Amino acid sequence: MNRMNRRGFLGLAGAVAAGAALTACAGSGSGSSAASGAAGDPNTITFWSNHPGKSQDVERELINRFQATHPHLTVDLVDAGKNYEEVSQKFNAALSGGALPDVVVLSDVWWFNYALTGAVEPLDGLFGDVGVDTSDYVDSLLADYLFQGKHYALPYARSTPLFYYNKQVWAQAGLPDRGPATWQEFDEWGPELQRVIGGGKLAHGWGDAKNYLGWTFEGPVWTFGGAYSDQWDLKFGDEKTLAAGTFLKNMIHTKKYAAVSSDIANEFGAGILASTIASTGDLSGITKSAAFDFGTAFLPASGAPGCPTGGAGLAIPARISDERKKNALTFIDFVTNRENTAYFSQNVGYMPVRKSAVEDPAMKAYLDANPNARTAVDQLAKTRSQDYARVFVPGGDQIIGTGLEQIALQNADVATTFAGVGEQLQQIVDRQITPKLPQ
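Just so we're clear, the structure is a prediction, and the values are computed from it rather than from any experiment. (Residues numbered from 1 in each chain as written. Predicted model: local features only at pLDDT ≥ 70, side-chain atom pairs only at ≥ 80, totals over all residues. Heavy atoms only, no water.)

Caption draft 1: Up close: the environment of serine 140. Here serine 140 is to be found in helix α7 (residues 139-143). Taking C-alpha positions, serine 140 is 31 Å from phenylalanine 247, a pair spaced 107 residues apart along the chain. (Helix = DSSP H or I, 4+ residues; strand = E, 2+ residues; numbered from the N terminus.)

Caption draft 2: The sheet that holds strand β3 (residues 103-107), seen in detail. The strand order β2-β1-β3-β15-β6 describes an open sheet built from five strands, whose pairing is mixed. The sheet terminates laterally at β2 (74-79) and β6 (154-159), the two strands that pair on one side only. On average, each strand axis in the sheet is tilted by 25° relative to the strand beside it, whichever way the strands run. As paired strands, strand β1 (residues 44-49) and β3 are joined by two bridges and run parallel to one another. (Pairing = 2+ DSSP bridges. Axes fitted to C-alpha atoms, helices over the stretch in contact; angles between N-to-C directions.)

Caption draft 3: Structural view of the environment of isoleucine 197. Structurally, the position occupied by isoleucine 197 is in helix α9 (residues 183-197). In this structure the C-alpha to C-alpha distance between isoleucine 197 and alanine 209, which are 12 residues apart in sequence, comes to 26 Å. Filtering out sequence-adjacent residues up to four positions away, isoleucine 197 remains in contact with Val169, Leu202, Ala203, Gly271, Ile272, Leu273 and Ala274. (Contact = heavy atoms within 4.5 Å.)

Caption draft 4: Broad picture of the side chain of glutamate 185. Residue placement: glutamate 185 occurs in helix α9. Side-chain polar atoms of glutamate 185 contact the side chain of arginine 178, separated by 2.9 Å. Among the polar contacts listed, one links the side chain of glutamate 185 to the backbone nitrogen of alanine 181, at a separation of 2.7 Å. Setting aside its immediate chain neighbours within four residues, glutamate 185 contacts Arg178 and Pro180. (Polar contact = N/O pair within 3.5 Å; in protein donor to acceptor, adjacent residues only side chain to side chain.)

Caption draft 5: Local environment of the packing of aromatic side chains. Taken as a whole and assessed by the stated rule, the structure comprises 27 aromatic pairs. Seen in terms of ring centroids, tryptophan 206 and phenylalanine 217 are 5.3 Å apart; in terms of plane orientation they differ by 75°. Their pairing is edge-to-face. One end of the pair, tryptophan 206, is in strand β8 (residues 204-207); the other, phenylalanine 217, is in the loop between α10 (213-216) and α11 (218-223), with 11 residues separating them in the sequence. When its relative accessible area of 0% is taken as the criterion, tryptophan 206 is described as buried. Each residue in the set Phe163, Tyr165, Trp170, Trp183, Phe186, Trp189, Trp206, Phe217, Phe224, Phe247 and Tyr257 is aromatic and connected to the rest through ring pairs, giving one cluster. (Phe/Tyr/Trp six-rings, centres within 6.5 Å; stacked < 30°, edge-to-face > 60°. Buried < 20%, exposed > 50% of the residue type's maximum accessible area, 1.4 Å probe, protein only.)

Caption draft 6: Region of the structure containing helix α18 (residues 361-369). Along α18, the residues that are buried comprise Met363, Tyr366 and Leu367. Within α18, the buried residues cover an arc of 95° as seen down the axis, which keeps them to one side. In this structure, α18 carries Pro361, Asp368 and Ala369 as exposed residues pointing more than 90 degrees from its buried face. Of the surrounding elements, those touching the buried residues of α18 are α16 (338-348), α17 (355-359) and α19 (371-379). The N-cap residue of α18 is aspartate 360: its side-chain oxygen and the backbone nitrogen of alanine 362 are 3.1 Å apart. (Arc of directions from axis to C-beta.)

Caption draft 7: View of the layout of surface pockets. Considered as a void within the structure, the largest pocket measures approximately 1,300 Å³ in volume. Around the largest pocket, the lining is made up of 50 residues, and of these Asn83, Glu85, Lys210, Asn211 and Tyr212 lie nearest the centre. Take the lining of the largest pocket: its biggest share by element is four residues, from helix α4 (residues 84-95). Three or more residues apiece are contributed to the lining of the largest pocket by two domains, here domain 1 (44-159 + 310-383) and domain 2 (161-308 + 393-436). (1 Å grid on protein atoms, 1.4 Å probe; cavity = no way out; pocket = protein on both sides within 12 Å on 5 of 7 lines; lining within 4 Å. Points joined across faces, edges and corners; volume = space filled by probe spheres on them. Domains from an automatic or database assignment.)

Right under this line is the structure:
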């Protein structure tokens with residue numbers, strides 16, 4: 001199969017995803033829907049968010065700051081769903097004829113669908129008008145929204161998974177005050193942690209498919225030498241990928257020190273789990289809820305990066321008026337500026353998206369005083385771009401997560417389950433992607 005670089009194939013993958021997920025989308029249409037989309041008070045900025053990391057109060061504070069410095073503009077914060085998928089569904093419905101927002105939160109697996117269909121605005125032509133200094137954004141985070149030489153969003157709630165651990169349980173088990181260096185080391189620790197934490201509790205918890213198990217288990221797969229895919233070449237039958245799946249099965253069903261849960265952040269904060277892998281965006285909530293001392297650590301690795309990035313950016317619909325677009329970008333630039341991305345990071349746990357924020361003395365002091373928050377910033381240099389099978393195959397995240405969930409919840413055979421996952425994904429690739437690849 002032909003090889004293409006990440007950005008070279010993005011349009012193709014986006015086309016396929018858009019065709020599968022946005023069949024009712026009017027993003028590139030015109031007429032009455034376009035007219036209604038452009039309507040609206042240009043001085044009222046409607047912001048659709050799922051409040052990543054339970055950030056609703058923080059977002060309101062950012063809005064108050066914005067309105068204080070831009071008194072002629074009002075921001076209407078709309079609860080657009082409980083997660084990124086629900087926001088995307090609501091946005092897709094609006095593109096079919098409803099009232100469009102001015103700013104919308106779109107995650108790493110959703111934004112390019114809308115970029116391809118022309119449903120979200122390329123921002124580069126507005127940067128000069130608004131005065132956006134793109135050079136101050138963290139390069140890798142800004143590049144995540146690059147498609148055919150144009151940026152379709154700006155980074156906002158950017159995250160990595162973190163390894164969270166209960167220091168009290170760690171000490172009782174006689175373990176060093178750190179995360180495991182490798183998953184093999186953690187597999188040695190797991191039974192003793194389970195003995196210490198006792199019945200009705202677990203040494204480790206994984207989120208379920210709806211809580212991004214396909215994302216959080218991607219790093220472990222890499223550390224075993226496997227992958228979901230090598231570009232478009234699926235790797236679910238690779239012996240090293242299978243070894244990672246077997247590890248997941250054994251820690252749950254053989255050694256019985258782990259399980260899959262739908263509420264890992266709250267269960268860790270309540271002391272039900274001795275450790276978990278959760279987003280950096282869960283840091284503030286866990287800090288507030290945990291009545292014990294806990295630490296964060298890099299995801300275990302074996303020489304190669306064992307952690308993906310994730311999270312969401314802020315995009316602007318293409319069918320709103322030019323005045324609304326400029327006001328929307330003014331808002332995005334403000335809430336992600338040096339001071340405000342630092343505030344967002346300190347109060348929610350996501351990574352600051354501006355270079356200047358990381359170098360800011362106040363932010364440095366905060367990170368020095370809050371080592372759990374520093375972990376995410378330091379781990380960014382050790383992350384890896386996600387496998388195409390998860391982020392560019394339509395429905396790939398849920399197909400993979402559901403397969404892992406079957407292993408975790410049903411004790412399903414790893415080889416058979418992964419073969420099924422690979423078959424589902426391969427059919428999508430063969431039918432919707434391969435015919436469009438350059439010959």
